[in-house]
Amino acid sequence: MSGGKVKPSLSWEQQSALLVERGLSDADRASELFLQANNYYRFSGYARYFQRAPHTGDNRFKPGTTFADVRRIYDDDQAVREMLIGQLACVEVLLRAHTAYVIGQTYGAYGHYLDEAFYTDVGDRERTLDACLRDLERSKERHILRFSSRPQGPATFERLPVWSAVEAWSFGTLSKCIERGARGTLANDVANSLGVAKSGFAYRVRALVYLRNRCAHHSRLWHHSVIDAGPTPNNVRVKAKRVAGQFEPRSVLDVVASLDDLLVRSRVAEPLLPAIVIRYRGNPLYWQGLCHPQQSVDG
């Protein structure tokens, strides 16, 4: 085995004892139960920000740090993910509806959206059509199966209406369809249908997919710099900063501002950002990590 030091597997009790050894004096039976439910490795992603110099191997906690301090950040992050997941589900359904509507009204509800020429694919990435067909072929929904179980040969889905197809696509496949569909013009058409800015719209959708996936996999939002950060319109960002104060363009809050814009303009939901501000701005340590994400640094 290569790539780093081989670490032994520790029992729950040993994991809790390791936290005590490193300076968390209040890591007791409660912490052991917490680690059983949440995984030491997941917890350590938060703990690194409280340690002296973990990148050099000094994993001792900064003086005065308690298990409760780290646990509070962990719990706050979990609560924000739970707040986000419902809003992200709303925008996903919204995008399915408008994408199906635009394709059906403008390009035809049958066949054309499953034509390779409908998409502009770039480089050696998976073809959009392949992603669309893969999702349809693995679906177990009756409204898809009746088109895929054909005695005369493999499914072609030429009679499957687009409003049915979009319900079988993953959010990622839907995002690819929006970005590359109609030779690159579908994104503008869907943005027009939603009444939002066309510029950078496909990349805003990609950022929402990225954030949804992080929430679905219970990944850390605190001090996380969004990789697929979409170009949130300036007017949307300015409005959000009046509510939340300053935040970085690659922060989770920037994607939340974009999410709110889509949902509020479509009259689907109330904005989420004000609720996050009210609930978490009073915790400066957590709030700073949301607004201004940084890699863990030495103390």
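Going by the structure above, here's the rest.
Remember, predicted model here, so these are calculated numbers, not experimental data.

Each value, and the rule that gives it
- Residues numbered from 1 in each chain as written.
- Predicted model: local features only at pLDDT ≥ 70, side-chain atom pairs only at ≥ 80, totals over all residues.
- Heavy atoms only, no water.
- Helix = DSSP H or I, 4+ residues; strand = E, 2+ residues; numbered from the N terminus.
- Buried < 20%, exposed > 50% of the residue type's maximum accessible area, 1.4 Å probe, protein only.
- Contact = heavy atoms within 4.5 Å.
- Areas by Shrake-Rupley, 256 points an atom, 1.4 Å probe, with all protein chains shown as cover.
- Lys, Arg positive; Asp, Glu negative; His and termini not counted.
- Charge placed at Lys NZ, Arg CZ, Asp CG, Glu CD.
- Expected span 1.5 Å × (residues − 1).
- Bend = angle between axes of the 7 residues up to and from the residue.
- Salt bridge = Lys/Arg side-chain N within 4 Å of Asp/Glu carboxyl O.
- Arc of directions from axis to C-beta.

1. Overview of the overall build of the protein chain
- Looking only at helices and strands, the protein chain has 14 helices and two strands in total.
- Reported as C-alpha extents along the three principal axes, the dimensions of the protein chain are approximately 65 × 50 × 35 Å.
- Among the 299 residues that make up the protein chain, the fraction classed as buried is 46%.
- Taking as baseline every contact in the protein chain between residues at least 6 positions apart, the subset at least 24 positions apart corresponds to 68%.
- Total accessible area on the protein chain stands at roughly 15400 Å², and carbon and sulfur atoms take up 51% of it.
- In the protein chain, 40 positive and 32 negative side-chain charges are present, and the distance between their average locations comes to 2 Å.

2. A look at unusual backbone geometry
- A positive phi angle, close to 55 degrees, is found at Arg-183, a residue other than glycine.
- Its location among the elements puts Arg-183 in helix α8 (residues 171-184).
- Owing to a relative accessible area of 53%, Arg-183 belongs among the exposed residues under this scheme.
- Backbone geometry places Arg-267, a non-glycine residue, at a positive phi of 60 degrees.
- Turning to its location among the elements, Arg-267 is positioned in the loop between α12 (252-265) and α13 (273-280).
- For Arg-267, a relative accessible area of 78% translates into the label exposed.

3. Some words on α8
- End to end, α8 covers 18 Å across 14 residues, agreeing with the expected 20 Å (1.5 Å per residue, within 8%).
- Cys-177 marks where α8 bends most, by close to 40 degrees.
- The set of residues buried in α8 consists of Phe-171, Thr-173, Leu-174, Ser-175, Cys-177, Ile-178, Glu-179, Arg-180, Gly-181 and Ala-182.
- Buried residues along α8 sit in contact with α4 (67-106), α5 (128-137), α9 (186-194) and α10 (201-216).

4. Quick notes on the pattern of salt bridges
- Within the structure shown, the criterion is met by 18 salt bridges.
- Between Glu-92 and Arg-212 there is a salt bridge whose closest N-O contact spans 3.0 Å. With a gap of 120 residues between them, Glu-92 in helix α4 and Arg-212 in helix α10 connect regions that are remote in the sequence. Across the pair, Arg-212 and Glu-92 agree in class, each one buried.
- The partner of Arg-134 in a salt bridge is Glu-126, and the shortest N-O contact between them spans 2.3 Å.
- Judged by its relative accessible area of 31%, Arg-134 falls in the partly exposed class.
- Residue class for Glu-126 comes out partly exposed when judged on its relative accessible area of 33%.
- Here the residues in one salt-bridge network are Glu-126, Arg-134, Asp-135, Arg-138 and Lys-176, joined through shared partners.

5. Points about helix α11 (residues 234-244)
- Of all the positions in α11, only Val-236, Arg-237, Ala-240 and Ala-244 are classed as buried. Viewed end-on, α11 has its buried residues packed into an arc of 95 degrees, placing them on one side of the element. With respect to the buried face of α11, the exposed residues turned more than 90 degrees away are Asn-234, Lys-239 and Arg-242.
- Lining the buried residues of α11 we find α12, α13 and α14 (284-291).

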